[in-house]
Amino acid sequence: VGLKETVMAVSFSTAALYGSLALFQAILQNVFLLYYVEMFVSVYKIDKLSFWVGETIFLVWNSINDPLFGWISDRKLLTSQEWSSSSSSSSGGLSSPSVVLGRLHLLSQTGPLLALSFLTFWVAWAPAGLQFVLCLCLYDGFLTAVGLQHSALLADLAVSANDRARLNTHSSAFAALGSASVFASYVAWSRENTVPFRWYCVALALVSALGFAVCSRLLRNSYVASGKRKREDAELTDKLYMEKQEGKEDEPRLSLRDYVRQLSRHRNLRWFVLMNLVQVFHCHFNSNFFPLFLEHLLADRISLSTGSLLLGISYIAPHLNNLYFLSLCKKHGVYKVVMGLFYLKLVLSLVMLMAGPDHSTLLCFFIASNRVFTEGTCRLLSMVISDLVDEDFVLNERRQAASALLFGMVALVTKPGQTFAPLIGTWMLASFTGFDIFQSSSLLAVVTSSAPGQPLPPLQNPPVSGEALRQGCFVLLVCVPVVCGIVQILFWYQFRLHGKVLHRVKERRHSVPVSSPPPSTYPA
């Protein structure tokens, strides 16, 4: 039986509810990225040493919490035994009902807690340095918990590329809608009077908390009521599992060391994380230096409103553009679309390099498109990780796909790109211009930019000529995407999980019975 015939399409209600969870995350995350540093530096007056210490602790925590939470979430799904044809199973290779219901249960709990932790930034309740560390780690912990479970559902709810593209399409649409919270925040924000902004944040948190609680519940009901996932099926699965396990010892589970050893043998996973490390670096490089490029390359050629428009487009356009990319993925596959975006990035960068910094219109287009296409590529890669979940499931003959754990392990290797972006960028700027940003008043801004998505504020009174800094910014603007594009194309050519290979993996997953974990592993 063909792959398309074995799987029913994801229902519209399931896809829409899955996508809506991205909305309730986006309305908080975009405001957080724009204002948390400004609040602590300008309002709470945090000292430089406390800021450095806080950011260092945050960077370490931000790197390790993905695999940590993934292991806590999915460790019970890993057993050292192979499949058994007599075991209770989930049809079509999809994750068992108890796993999906468990992820939704966790989302209904951690989502409101994420909203609550978001509020801790906007009221002073402890010494600034201590509050900075606690707020960052608390918020990022819940953000990771929500993000991992939401990403894992992409691999658990659907196996076919079209169904996953459909789920991702709804996520992108709702995330774009959530980005509108940034525009409204400009009206409420003021360093001198933060009361209106604080009330605005309270409103965002209430919407987010209620949204997570209600939509995760509705998604659970939609999933249970769907034709292929009846409530009685889930209950029968758990009942059969418990009957089978009655009188038997617990199955041996893989240790973390054994799991990592298994992953290290995945050729496609190795090439993907190398490519994705470069992609994460490039995404955050663009976010960190976007305002700097606007100021020193275009400030005297475009109006303030045009600059603000470009900045706003850079937040919303990637989500909207991703809708088109996902439609291409349905026709041509994710691999070809991603490869096409790498070539497009390389070609546009070479054209800009040959044109030079004096073509304002072309420069505006390149600065905006470079960020939009790069961010769009990042948003497609969750589908590739979902395919890697399928391959891991097949290669290691797992009884249950450990989706959240694999997403977490990928993040462990690729998140250092967030830290490398501002460090390498400022080093290159110093090499091209002689300007040492770490000895300027902009030191704090650079450290700030190591946070995910935090833009780099304009440099103030640089000790070099404006023309030298302008030329240095231009070289930085075009050279980074050229190098990243070449390296990524070379890495991506080594990736084999596409075409016939991917089709065989998905057919294999569909043909294998998937055992359900005990009900205690994932409470309904």
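Preceding this paragraph is the structure being described.
Quick caveat: nothing in here was measured; it's all calculated off a predicted structure.

(A) Layout of the overall build of the chain. Scanning the chain from terminus to terminus reveals 19 helices and zero strands. In the chain, buried positions account for 58% of the 524 residues. Put simply, 88% of the contacts in the chain that link residues at least 6 apart link residues at least 24 apart.

(B) Summary view of helix 13 (residues 334–355). Taking 1.5 Å per residue as the helical rise, helix 13 with its 22 residues ought to reach 32 Å, and the 31 Å between its terminal C-alpha atoms agrees with that figure. Along helix 13, the positions that sit buried rather than exposed are Val334, Tyr335, Val337, Val338, Met339, Leu341, Phe342, Lys345, Leu346, Ser349 and Met352. Following helix 13 by one or two positions, glycine 356 adopts a phi angle in the positive range, close to 90°.

(C) Fine view of the state of the cysteines. Within this structure, the stated rule accounts for one disulfide. Covalent S-S linkage joins cysteine 283 and cysteine 378, the inter-sulfur distance amounting to 2.1 Å. Residues cysteine 283 and cysteine 378 are joined by a disulfide whose S-S torsion is about 105°; by sign, that bridge is right-handed. Here cysteine 283 is found in helix 11 (residues 267–298), whereas its partner cysteine 378 is found in helix 14 (residues 360–395), with 95 residues between them in sequence. By relative accessible area, cysteine 378 is classed as partly exposed at 24%.

(D) A look at the nonpolar core. The biggest cluster of nonpolar side chains holds 132 residues, and the ones touching the most others in it are Phe272, Phe293 and Trp492. Considering each element in turn, this core owes the most residues, 17 residues, to helix 2 (residues 12–43). Each of domain 1 (15–79 + 96–230) and domain 2 (266–450 + 464–514) accounts for three or more of the residues forming this core. Among residues more than four places away in sequence, those in contact with tryptophan 492 are Phe272, Met275, Tyr335, Val338, Met339, Phe342 and Val384.

(E) Local environment of the pattern of salt bridges. This model, assessed by the stated rule, comprises ten salt bridges. Of the charged contacts, one joins arginine 261 and aspartate 258 as a salt bridge, the two residues approaching to 2.8 Å between their closest N and O atoms. Of this pair, arginine 261 and aspartate 258 both sit in helix 10 (residues 256–264), separated by three residues, roughly a single helical turn. Residue classification places arginine 261 among the partly exposed residues on the basis of a relative accessible area of 41%. Note that arginine 470 is salt-bridged to aspartate 358, the shortest N-O span being 3.4 Å.

(F) Highlighting the packing of aromatic side chains. Under the counting rule described, the total for this entry stands at 27 aromatic pairs. Residues tryptophan 61 and phenylalanine 69 carry aromatic rings whose centres are separated by 5.8 Å and whose planes lie at 80° to one another, so their mutual orientation is edge-to-face. Plain terms: the ring middles of tryptophan 492 and phenylalanine 495 are 4.5 Å apart, the flat faces sit at 10° to each other, and that makes the pair stacked. The same class applies to tryptophan 492 and to phenylalanine 495, which are both buried. Members of the aromatic cluster, joined through ring pairs, are Phe32, Tyr35, Tyr36, Phe40, Tyr44, Phe51, Phe118, Phe121, Trp122, Phe132, Tyr139 and Phe197.

What counts and how
Residues numbered from 1 in each chain as written. Predicted model: local features only at pLDDT ≥ 70, side-chain atom pairs only at ≥ 80, totals over all residues. Heavy atoms only, no water. Helix = DSSP H or I, 4+ residues; strand = E, 2+ residues; numbered from the N terminus. Buried < 20%, exposed > 50% of the residue type's maximum accessible area, 1.4 Å probe, protein only. Contact = heavy atoms within 4.5 Å. Expected span 1.5 Å × (residues − 1). Disulfide = S-S within 2.5 Å. Core = buried A, V, L, I, M, F, W, Y, C linked by side-chain atoms within 4.5 Å. Domains from an automatic or database assignment. Salt bridge = Lys/Arg side-chain N within 4 Å of Asp/Glu carboxyl O. Phe/Tyr/Trp six-rings, centres within 6.5 Å; stacked < 30°, edge-to-face > 60°.

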